[in-house]
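In case you want the letters, here they are:
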Amino acid sequence: MKKTLFYVTMAMALLASCSNEVVDDMASDGDNVAIALGLASPTVKVGTRGTGTVGDVEGTNNVWHGQPIYVIMTDADFQYAKSGATFNGQTNAEIYPNTEFIAPGGDNKFVPTSAQGAVERADAFDHQIKYYPHTGTFNFFAYAMGRTPGNVPTVTQGPDAYTVPVKIDGSQDLMTAVAPTNEDIDGVESSKLYSAASARKGVQPTLTFHHELARFTFYVKAGNDNALGGKDERGEYKTDQAVRITKVVLKSKTSGKMVVARPSATRETSNIVWTAGQGKEELQLKQRNTNVENPWITNLEALEENKLASTEIYQQVGNESLLVAPNEEEYDGYIEIVQKLATYDEHVADPQYTDAKNTFYFKLKASDVKKTVDGNPVTVTSFEPGMAYNVNLIVYGSEIIIADTQLTAWVTGGNIEIDPDK
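This one's a predicted model, so the numbers in the text were calculated from it and none came from an experiment.

Thoughts on the nonpolar core
Logical step 1: Counting 55 residues, the largest nonpolar core has Ile72, Tyr143, Phe216, Phe218, Leu250, Met258 and Ile335 as its most contacted members.
Logical step 2: Considering every element that reaches this core, the biggest residue donor is strand 17 (residues 214-222), with five residues.
Logical step 3: When neighbours within four sequence positions are excluded, leucine 250 is seen to be in contact with Phe216, Phe218, Glu281, Glu282, Leu283, Leu322, Val324, Tyr331, Asp332, Gly333, Phe362 and Leu364.

As structure tokens, this is what we get:
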């Protein structure tokens, strides 16, 4: 009998704190003070395919790798901020109206290697330096959508919010950020953030990104020897006959719009409005191509087969995670496996093998998540945005059907005599 058991565990998302660190050596000209945008480490580890998760959980690869982000700078009236002067041939031009920036690390050579927890400068994609207007205070918003560089989304500007359409396929890490203006920073009053005056005092906006989706990473191990291909006459596993994982799927909402800027500058997560009435679509786990120069800004590819290798240790399926719509109590999903099985027994001179495919369906329930805080168990009611969950699967191999036969002796039931004359 084939069996599949599913255990769900959760890893808390690391929320990087805002920092007031300042980037030095930025150009200034008299009262013209350059705008320097700092990025904190991402808080954890759209349109087309995505580039996978950004950052990771505490103690792992929670750094930037040169991913593109998009910056919006607004004035006190929540309009795109304008320079108020003629600069570089443009008069009163918008400063950062949904402008592409490149995060530290990767292709941003300003900081070749990010340091976890650091605040580092993001560079404009076109490398242009922009300056604060001489008067006024401004807000800075940013978002990321798992896109490759040079592919800026279209923003819809409204009186109460700036939004972008989203259509996820499980490989986009949707993130939003806002530079805080709800508290004094390094002696600069919150009412004077952000401005030429605050920049002259060394205070520049720092953007700390928060994840808008829930992340699921899948791990598998063999439940029995058959899942590892069984053993030969020498007691060694027949690895060519081990179970292979070919597909992992979760069903999720996929379409909506993401609020990327709004007047309240203290918001954090839950900024996606999903389209009402839509059904759930299948999102497949993909993998990152590690053979390219910067795999962090390259679209994910189809999952390769993952062969089971141990009955003791869980191994990750692929090298990426599935990113799905959050705030659900449960998700339906399934995995597809393939195993090479013999089609004839040992009495055939040349044994033949064929791939047998199986699909195992499962349901991930938030109530099954094992989570503790300060050593005490906590009840989880839904899968939250910005949270990373590990799904541990135990997969059993196919069992041969054996018909066990036993010959039972006839028991004498007695004689019947038939005589036609009687």
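Continuing now.
Section: the pattern of salt bridges
Logical step 1: Counted under the stated rule, the structure contains 12 salt bridges.
Logical step 2: As a salt-bridge pair, lysine 280 and glutamate 328 come within 3.4 Å of each other at their nearest N and O atoms. Remark: glutamate 328 occurs in the loop between strand 26 (322-324) and strand 27 (330-342) and lysine 280 occurs in the loop between strand 20 (272-274) and strand 21 (281-284); sequence separation between them is 48 residues.
Logical step 3: With relative accessibility at 42%, the residue lysine 280 sits in the partly exposed group.
Logical step 4: Given the relative accessible area of 14%, glutamate 328 is considered buried.
Logical step 5: The residue glutamate 330 makes a salt bridge to lysine 363 at a minimum N-O spacing of 3.6 Å. Placement of glutamate 330 in strand 27 and of lysine 363 in strand 28 (residues 353-365) is noted, with a sequence separation of 33 residues between them.
Logical step 6: Residue classification places lysine 363 among the partly exposed residues on the basis of a relative accessible area of 38%.
Logical step 7: The network of salt bridges with shared partners includes Asp232, Arg234 and Glu236.

Side note on the side chain of glutamine 339
Logical step 1: In this structure, glutamine 339 sits in strand 27.
Logical step 2: When its relative accessible area of 5% is taken as the criterion, glutamine 339 is described as buried.
Logical step 3: Looking at glutamine 339, its side chain comes within polar contact range of the main-chain oxygen of asparagine 226, at 2.7 Å.
Logical step 4: One polar contact links the side chain of glutamine 339 to the main-chain carbonyl oxygen of glutamine 241, over a distance of 3.1 Å.
Logical step 5: Every residue in contact with glutamine 339, bar those within four places of it in the chain, is listed here: Asn226, Ala227, Gly229, Gln241, Ala242, Val243, Arg244, Thr354, Asp355, Ala356, Gly397 and Ser398.

Focus: the sheet that holds strand 11 (residues 139-144)
Logical step 1: Overall, antiparallel pairing links the six strands, which are arranged 10-8-5-11-14-16 in an open sheet. With one partner strand each, in any of the chains shown, strand 10 (123-124) and strand 16 (210-211) form the two edges of the open sheet.

Quick word on the packing of aromatic side chains
Logical step 1: Throughout the structure, instances matching the rule amount to 13 aromatic pairs.
Logical step 2: For the pair tyrosine 80 and tyrosine 162, a centre-to-centre distance of 5.1 Å together with 65° between the ring planes defines the contact as edge-to-face. Of this pair, tyrosine 80 sits in the loop between strand 5 (68-74) and strand 6 (86-87) while tyrosine 162 is found in strand 13 (residues 162-167), placing the two residues 82 residues apart along the sequence. Like tyrosine 80, the residue tyrosine 162 is buried in the burial classification.
Logical step 3: With centroids separated by 5.3 Å and ring planes inclined at 20°, the aromatic side chains of phenylalanine 216 and tyrosine 389 adopt a geometry described as stacked. Of this pair, phenylalanine 216 sits in strand 17 while tyrosine 389 sits in strand 31 (residues 388-395), and the two are 173 residues apart along the sequence.
Logical step 4: Classification of tyrosine 389 as buried rests on a relative accessible area of 1%.
Logical step 5: Connected via pairs of aromatic rings, a cluster forms that spans Phe78, Tyr80, Phe141 and Tyr162.

Quick look at the confidence of the model for the chain
Logical step 1: Across the chain, the average pLDDT comes to 81, with 80% of residues at or above 70.
Logical step 2: Across the chain, element-level confidence peaks in strand 21 with a mean pLDDT of 97 and bottoms out in strand 1 (residues 4-11) with 34.
Logical step 3: For residues 1-30, every residue scores under 50 in pLDDT, and the model assigns this stretch 83 contacts once sequence neighbours within four places are set aside.

A few points about the sheet that holds strand 9 (residues 120-121)
Logical step 1: Strand order across the open sheet formed by three strands is 9-4-15, with mixed pairing between neighbours. This sheet does not close on itself; its edge strands, each paired only once, are strand 9 and strand 15 (206-207).
Logical step 2: Sheet topology note: the strand 4 (residues 38-39)/strand 9 ladder contains two bridges and is antiparallel. Within the sheet, the bridge partner assigned to glycine 38 lies in strand 9 and is arginine 121.

Considering unusual backbone geometry
Logical step 1: Cis geometry is adopted by the peptide bond preceding tyrosine 194, which originates at leucine 193 and carries an omega value of -15°.
Logical step 2: Take tyrosine 194: it is sitting in the loop between strand 14 (175-178) and helix 1 (196-200).
Logical step 3: Even without glycine at this site, phenylalanine 78 takes up a positive phi of about 65°.
Logical step 4: For phenylalanine 78, the location among the structural elements is in the loop between strand 5 and strand 6.
Logical step 5: By relative accessible area, phenylalanine 78 is classed as buried at 6%.
Logical step 6: In this structure, aspartate 186 is a non-glycine residue whose phi angle is positive, near 50°.
Logical step 7: The residue aspartate 186 is located in the loop between strand 14 and helix 1 in this model.

Procedures and definitions
Residues numbered from 1 in each chain as written. Predicted model: local features only at pLDDT ≥ 70, side-chain atom pairs only at ≥ 80, totals over all residues. Heavy atoms only, no water. Core = buried A, V, L, I, M, F, W, Y, C linked by side-chain atoms within 4.5 Å. Buried < 20%, exposed > 50% of the residue type's maximum accessible area, 1.4 Å probe, protein only. Helix = DSSP H or I, 4+ residues; strand = E, 2+ residues; numbered from the N terminus. Contact = heavy atoms within 4.5 Å. Salt bridge = Lys/Arg side-chain N within 4 Å of Asp/Glu carboxyl O. Polar contact = N/O pair within 3.5 Å; in protein donor to acceptor, adjacent residues only side chain to side chain. Pairing = 2+ DSSP bridges. Phe/Tyr/Trp six-rings, centres within 6.5 Å; stacked < 30°, edge-to-face > 60°. pLDDT = per-residue confidence, 0-100.

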